[in-house]
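Each chain, written out:
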Number of protein chains: 2
Amino acid sequence: MVTQEQIEDFILNGHKEYVPHVSLDCAIFGYHEQQLKLLLIKHKAVFGWCLPGGYIKRTEKLVEAAARNVKERTGVDNLFLQQFKTFGDPNRAKFDEFDEEKWGQILGVKVSRNNWLIDQTISVGFYSITDFSRTVLQPDMMSIDCEWFDIDNLPALEFDHDEMVREALHTMRIHLYHYPIGYNMLPEKFTLTEIHALYETLLGKKLDISNFPKKLIALGLLIKLDEKRSIGPHRSPHLYSFDKERYDEALKNGVVLS
Amino acid sequence: MVTQEQIEDFILNGHKEYVPHVSLDCAIFGYHEQQLKLLLIKHKAVFGWCLPGGYIKRTEKLVEAAARNVKERTGVDNLFLQQFKTFGDPNRAKFDEFDEEKWGQILGVKVSRNNWLIDQTISVGFYSITDFSRTVLQPDMMSIDCEWFDIDNLPALEFDHDEMVREALHTMRIHLYHYPIGYNMLPEKFTLTEIHALYETLLGKKLDISNFPKKLIALGLLIKLDEKRSIGPHRSPHLYSFDKERYDEALKNGVVLS
DNA sequence: ACAAAAGTGTTCGATCTACACCCATGT
DNA sequence: ACATGGGTGTAGATCGAACACTTTTGT
């Protein structure tokens with residue numbers, strides 16, 4: 001739980017702990033049962049929906065700050081996390097509309113026009129993907145809500161976050177062909193149909209079911225287990241798991257999937 | 001020419017004009033006659049070689065700041081310019097080794113320990129490519145030298161710039177397959193051998209001469225002209241030029257070359 | 001036996017690669 | 001005519017999309 005003192009300390013003294021003028025924003029994609037969602041937060045003071053984001057501690061690497069941020073919002077650790085672009089247009093935040101009075105009322109502390117939070121900020125964009133059913137959402141101290149939205153039905157976002165989402169989605173979909181994916185989104189043991197559905201959902205398009213697994217199996221990323229799953233009056237599908245060693249190597253060196 | 005007053009003003013008041021804590025560094029690749037070079041500057045105060053870089057004016061977009069920087073160092077405008085990664089490790093600049101005395105002597109103005117230039121900085125990396133024979137080099141106010149180095153024979157670089165160069169080269173080579181390239185590196189009219197040599201040099205590997213141009217021509221990026229060039233006792237090669245319209249479209253939407 | 005879903009196999013065409021070979025040019 | 005670099009053509013291998021077909025399962 002965040003106390004009022006913590007909020008005040010962050011607003012008044014945050015620039016000592018964090019690097020001013022630099023922030024990061026995370027497009028956290030959530031997958032579960034063929035649905036693709038995006039995590040958004042509702043900011044206390046500007047009212048609208050935004051990507052979750054935060055500041056970088058002076059002791060942190062960028063990716064560590066992003067991981068901390070994702071962990072705080074979702075409770076989930078160790079995600080696939082990728083920088084996709086850095087945003088720095090001078091008018092991206094529209095601070096000329098800043099209302100000192102309003103911010104003071106809402107946050108319970110006077111935020112002056114020259115507060116470090118109201119100054120020009122360059123933001124580093126990260127994206128990550130997780131299974132949204134495993135997450136426990138938690139708004140940050142500057143927001144009042146934190147929810148999953150269907151990717152095809154997003155509200156208009158504050159700042160330049162619409163553009164960020166477009167770029168994140170674009171980069172994520174390119175990466176799908178160059179990195180293995182799914183380790184955190186599928187159960188330990190899964191069927192080909194399940195991983196096929198995952199790829200289709202993330203890519204937002206159909207993939208031929210019969211051609212799809214060939215490459216993954218040929219690359220040795222998938223291990224066929226000696227187990228099947230019973231799914232009622234139908235043929236029982238084989239279970240597969242990832243070959244973690246090859247998976248991690250593919251994460252590091254990249255692969256080509258079609 | 002940069003005057004001593006300008007240097008002092010930049011050091012003492014630069015944080016009003018520029019966004020503090022954020023910089024950019026440019027890996028400027030230079031090509032000419034099958035040689036690939038990289039532009040480096042020699043910093044006045046830390047002595048070693050670095051990538052050229054600078055700060056972002058509070059009125060500038062990131063890419064505008066990068067373009068200004070490249071223009072200042074090389075005199076060249078309108079280059080292919082791409083963000084490749086943002087760097088923010090807390091110890092990337094090693095300011096714990098900062099020597100107030102030394103900096104003061106070298107720069108002719110007292111640089112205090114809490115000067116904005118000595119504080120933690122996140123740097124946005126850009127790369128670009130140009131024909132190095134057309135450039136007119138110019139060190140910046142903080143450097144004493146500015147030179148092209150052969151890409152295979154670079155000195156050790158200051159800060160995290162070795163890593164930046166690796167990442168820039170890697171990204172540039174991936175982009176070669178997804179964007180057209182050469183508009184600023186080749187004469188208005190050029191032969192297939194010339195553009196072939198350009199690609200081989202940038203990629204650092206051999207490409208089959210006979211297969212290479214087919215894709216470019218099939219995509220309509222190249223226009224075969226009704227002219228030839230006389231090259232002594234050999235068959236006269238055809239001249240080609242870029243179809244600027246298709247070229248620009250390919251720049252925007254991307255292409256696939258093999 | 002059947003419906004439904006899993007999984008396999010095969011064909012066709014596009015594309016890439018390697019390499020042989022022909023062409024043009026000035027001396 | 002010949003040496004040299006420019007340029008073309010083609011056979012074989014590889015890859016990927018499409019789709020028909022077979023297998024498995026519980027009722």
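Residues numbered from 1 in each chain as written. Chains lettered and ligands numbered in written order. Predicted model: local features only at pLDDT ≥ 70, side-chain atom pairs only at ≥ 80, totals over all residues. Heavy atoms only, no water.

Chain A goes by NUDIX domain-containing protein in an unreviewed UniProt entry, where it is assigned to Mucilaginibacter pankratovii.

Residue and element names in this part refer to chain A. Per the domain assignment, the segments of chain A are domain 1 (4–176) and domain 2 (192–253). Contact with domain 1, which involves nine residues of that partner, is made by nine residues of domain 2. Between domain 1 and domain 2, the buried area comes to about 780 Å², and carbon and sulfur atoms account for 75% of it. Contact with domain 2 buries area across many residues of domain 1, yet Y31, R173 and L176 alone supply 63% of it, more than any other trio. Scanning the region where domain 1 abuts domain 2 turns up zero salt bridges. Viewed at the interface, domain 2 and domain 1 are joined by three residue pairs in polar contact (both at pLDDT 80 or more). It is helix α4 (residues 161–176) that provides the largest number of residues to the side of domain 1 that touches domain 2, a total of three residues. Its residues assigned to classes, the side of domain 1 that touches domain 2 comprises six nonpolar, two polar and one charged. (Domains from an automatic or database assignment. Contact = heavy atoms within 4.5 Å. Buried area = accessible area lost by both parts, 1.4 Å probe. Salt bridge = Lys/Arg side-chain N within 4 Å of Asp/Glu carboxyl O. Polar contact = N/O pair within 3.5 Å; in protein donor to acceptor, adjacent residues only side chain to side chain. Helix = DSSP H or I, 4+ residues; strand = E, 2+ residues; numbered from the N terminus. Nonpolar A, V, L, I, M, F, W, Y, C, P; charged D, E, K, R; others polar.)

Okay, the nonpolar core next. In globular proteins that are soluble, nonpolar side chains generally tend to be buried together. Counting 44 residues, the largest nonpolar core has L24, C26 and F126 of chain A together with L24, C26 and F126 of chain B as its most contacted members. Among residues more than four places away in sequence, those in contact with C26 of chain B are L51, P52, A66, N69, V70 and F126 of chain B. Among the nonpolar cores identified, the runner-up in size contains 43 residues, and F84, I151, M185 and L221 of chain A belong to it. (Core = buried A, V, L, I, M, F, W, Y, C linked by side-chain atoms within 4.5 Å. Buried < 20%, exposed > 50% of the residue type's maximum accessible area, 1.4 Å probe, protein only.)

On to the protein's contact with DNA strand D. With respect to spatial proximity, 21 residues lie near DNA strand D, and among them S210, P233 and R235 of chain A together with R235 and H238 of chain B are the closest. Backbone atoms, meaning sugar and phosphate, make up 59% of the atoms of DNA strand D lying within 4 Å of the protein. Contacts to DNA strand D include S210 of chain B, whose side-chain N or O atom sits 3.0 Å from a base oxygen. Here a base nitrogen of DNA strand D and a side-chain polar atom of R235 of chain B are 2.6 Å apart. (Near = heavy atom within 4 Å.)

Here the focus is the UniProt feature "domain: Nudix hydrolase" (unreviewed entry) in chain A. In this structure's numbering, the residues bearing the UniProt feature "domain: Nudix hydrolase" (unreviewed entry) are residues 21–171 of chain A. This span, residues 21–171 of chain A, is 21% helix and 36% strand, and a straight line between its end C-alpha atoms measures 25 Å. (UniProt positions renumbered as here; feature names shortened; annotations may be inferred.)

Our next topic: the protein's contact with DNA strand C. Around DNA strand C there are 21 residues in total, and H238 of chain A together with S210, P233, H234 and S236 of chain B lie nearest to it. In the interface set of DNA strand C, defined as its atoms within 4 Å of the protein, sugar plus phosphate atoms amount to 62%. With respect to DNA strand C, the side chain of R235 of chain A contributes an N or O atom lying 3.1 Å from a base nitrogen. Within the contact set of DNA strand C, a phosphate oxygen lies 2.5 Å away from a backbone nitrogen or oxygen of H238 of chain A. Split into classes, the residues belonging to the surface near DNA strand C amount to four nonpolar, eleven polar and six charged.

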